[in-house]
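Listed here are the chains, written in short residue letters.
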Amino acid sequence: MITFAEMNLDLKSDNKKFNYLDQEIEVKQYLPIQDKLQLISSVVNLSSDDNGFINPVKVNTFLELYLVYYYTNIEFNEEEKDNFIQTYDLLSQSALLKNVLLNIPEDELEMIEEGVYSTISELYAYQNSVMGILDTISADYSNLDLEASKIQQKLADPNNMAFLK
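Read on for a plain summary of the structure. (Residues numbered from 1 in each chain as written. Predicted model: local features only at pLDDT ≥ 70, side-chain atom pairs only at ≥ 80, totals over all residues. Heavy atoms only, no water.)

Moving on, we come to unusual backbone geometry. Although it is not a glycine, N8 sits at a positive phi angle of roughly 50 degrees. Here N8 shows up in the segment before β1 (15-20). Phi at L21 takes a positive value of approximately 50 degrees, unusual for a residue other than glycine. With respect to the helices and strands, the residue L21 is situated in the loop between β1 and β2 (23-28). (Helix = DSSP H or I, 4+ residues; strand = E, 2+ residues; numbered from the N terminus.)

Set out below in structure tokens:
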């Protein structure tokens, strides 16, 4: 019998390279699972609003942006990340995005896309389940209780009562 440690397995570190505007762009051919999980989580979290609605346009935008962030040697500053719409438009219109996506292995893309869309589907299923509805009611009740406490404190303040009278 052979042990797993004796197999001396190693992660692939080979990258594909292409030139774009006299710059050598490297594209990873494998992204470790921990990075895939972070990528998927970021895309889903950034694509939803305060009510839990997930915007499909944001999903596509953040998915493609984060594929560039995680798979390439291109560095983005905070301003470029904060202005994600402009950054995405520049990447998309310049055809750089298309070149990056063409150089990521198909099985990698499929795994990440499946992860994003499955997570979204599971989130919606949970939100519409009895447990999800109870969690929402509980959160709403906690917020109401907080608001009621604040109102009660304000009414207890003699200055506020004088103003109300």
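Now that the structure has been shown, we can carry on.
One way to put it is that helix α2 (residues 56-71) packs onto helix α5 (residues 96-103) with a least axis distance of 10 Å and a crossing angle of 70 degrees. On the basis of their axis angle, the class for α2 and α5 is roughly perpendicular. Between α2 and α5 lies a crossing of left-handed hand. Contacts between α2 and α5 involve E64, L67 and V68 from the former and L97, V100 and L101 from the latter. (Axes fitted to C-alpha atoms, helices over the stretch in contact; angles between N-to-C directions. Parallel < 35°, antiparallel > 145°, perpendicular 65-115°, else oblique. Left-handed = near helix turned anticlockwise from the far one by under 90°. Contact = heavy atoms within 4.5 Å.)

This part covers the pairing of β2. Where β1 lies against β2, 6 bridges are found, and the strand directions are antiparallel. For Y20, the partnering residue across the bridge sits in β2 and is Q23. Adjacent in sequence and paired antiparallel, β1 and β2 are bridged by 2 residues, among which L21 carries a positive phi angle near 50 degrees. (Pairing = 2+ DSSP bridges.)

Residues of α5 that are buried include every one of L96, L97, V100 and N103, and no others. Along α5, the residues classed as buried sweep out an arc of 135 degrees about the axis, all on the same side. For α5, the exposed residues set more than 90 degrees away from the buried face come down to K98 and L102. Check the buried side of α5 and you find it contacts β1, β2, α2 and α4 (84-93). (Buried < 20%, exposed > 50% of the residue type's maximum accessible area, 1.4 Å probe, protein only. Arc of directions from axis to C-beta.)

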